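So the chains spell out like this:
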Amino acid sequence: MTFLSKTAALAMLALSATALPSIAQEVTLRFQHFVSPLSANPTHFMEPWARKIEADSNGRIKVELYPFMQLGGKAPNQYDLIRDGAVDGGWVIPGYQPGRFPEAEAMELPFMTTKSGEDASKAAWVYTQKHLMDDFADVKVIAAHMHGRGLVHKKGPAIAELGDFKGLKLRGPSRPATLLLKEVGATPVGMAVPAFPEALSRGVVDGGVITWEMSPSLKLDELTDSHTDVAGDKSLYNLFFIWAMNKAKYDSLPDDLKAVIDANSGFAASAWAGRAHDTGDTTGKQAMTDAGNEIATMSPELTGEIALLGDEVTQAWIAEMTEKGLDGAGLVADARAAVQVTRSDSAPLN
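Residues numbered from 1 in each chain as written. Predicted model: local features only at pLDDT ≥ 70, side-chain atom pairs only at ≥ 80, totals over all residues. Heavy atoms only, no water.

(A) Layout of empty space enclosed by the protein. Summed over all chains, the structure comprises four cavities of 30 Å³ or more. In this structure, the largest cavity spans a volume of roughly 120 Å³. Taken together, 17 residues line the largest cavity, and the ones lying closest to its centre are Val 193, Ile 210, Met 214, Leu 239 and Phe 241. Tallied by class, residues from the lining of the largest cavity come to 12 nonpolar, three polar and two charged. (1 Å grid on protein atoms, 1.4 Å probe; cavity = no way out; pocket = protein on both sides within 12 Å on 5 of 7 lines; lining within 4 Å. Points joined across faces, edges and corners; volume = space filled by probe spheres on them. Nonpolar A, V, L, I, M, F, W, Y, C, P; charged D, E, K, R; others polar.)

(B) Seen up close, the sheet that holds strand E7 (residues 187-190). With respect to topology, six strands assemble into an open sheet ordered E7-E6-E8-E5-E9-E11, the strand pairing being mixed. What marks the edges here is a single partner per strand, and that holds for E7 and strand E11 (294-297). Looking at each pair of strands side by side, their axes are set apart by 30° on average, direction ignored. As defined by bridge partners, strand E6 (residues 169-172) adjoins E7 across four bridges and the pair is classed as parallel. (Pairing = 2+ DSSP bridges. Helix = DSSP H or I, 4+ residues; strand = E, 2+ residues; numbered from the N terminus. Axes fitted to C-alpha atoms, helices over the stretch in contact; angles between N-to-C directions.)

(C) Layout of the packing of aromatic side chains. Tallying each qualifying case throughout the model produces 12 aromatic pairs. Seen in terms of ring centroids, Phe 31 and Trp 49 are 5.5 Å apart; in terms of plane orientation they differ by 55°. Their pairing is tilted. On the criterion of sequence distance, the pair formed by Phe 31 in strand E1 (residues 27-32) and Trp 49 in helix H2 (residues 40-56) is long-range, its members being 18 residues apart. A residue is classified by how much of its surface remains accessible, and Trp 49, at 0% relative accessible area, is buried. Measuring from centroid to centroid gives 6.3 Å for Phe 136 and Phe 240, while their planes differ by 15°, and the two rings are stacked. Taken together, the positions of Phe 136 in the loop between helix H4 (117-131) and strand E4 (139-146) and Phe 240 in strand E10 (residues 240-246) put the pair 104 residues apart, joining distant regions of the chain. (Phe/Tyr/Trp six-rings, centres within 6.5 Å; stacked < 30°, edge-to-face > 60°. Buried < 20%, exposed > 50% of the residue type's maximum accessible area, 1.4 Å probe, protein only.)

Now the structure itself:
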């Protein structure tokens, strides 16, 4: 081979080496969560979201989902695992680290959201865009969402009066939830969802607040006897989540693959995640009904009593945030405004 032909061949190889990665780069993303793959969010949001990412990228992105924290770590540390690149992405409950993301707690205050997970999640995205993107700046936020209605699941009969809470040890998922449980007379026990079934079976707690949709995967048909919702269209409590990706991993993607992630992020993705919980609530409630458990709704009078105590929790939270240098009243007002503007109906705020 002549010197010129060798030079031409090397030049062609160099061109191929630089062109191929931008045309056919393939990426595997490992996302993890902390619940059963059969529960509502993994079934109706995470799995179809992953498949849509793969389809929209023409197979260049592969998304692997790992339930039960199979890639390591504990649910309360999920945000840090994503930030540090131990996983490429996953499901985060910021409230599992009390005090770290205080502004997110506004969406979790008593009777803040409606009982629609989809509507609450739309509100969560609106609120997140205004107040939380700086807090979550070291990850790529794909969705910010809420679950559906939160209610009381317990051993023994349903809650019929305020005094029924007295002496009960009840699991709470977040600081606002545990503050409300304390206010109504229960003994709150902060606990991540994976620990809840064992705590029930061992008698560490008498019950707790969680959704309908999580009930079957946690075996609440066997571990509890009654399930009590509040009256009206507002949820007793709610929980704030993010579906997030490691920022460096996202930044490493070529622009066309970033565009795939971006197209499946934001307001619509948040609503999708919330809608998954609504779907699961329907089947979860039916499973508890089929098991013969007591399904109850508090009277409007009892709901009103609890709502007044919830107002006290909110006012105390506002004062606490103000002491920390935050605009507590403004955060609550913005959370309420986000809920109102994203409601599917035109009902006034309570």
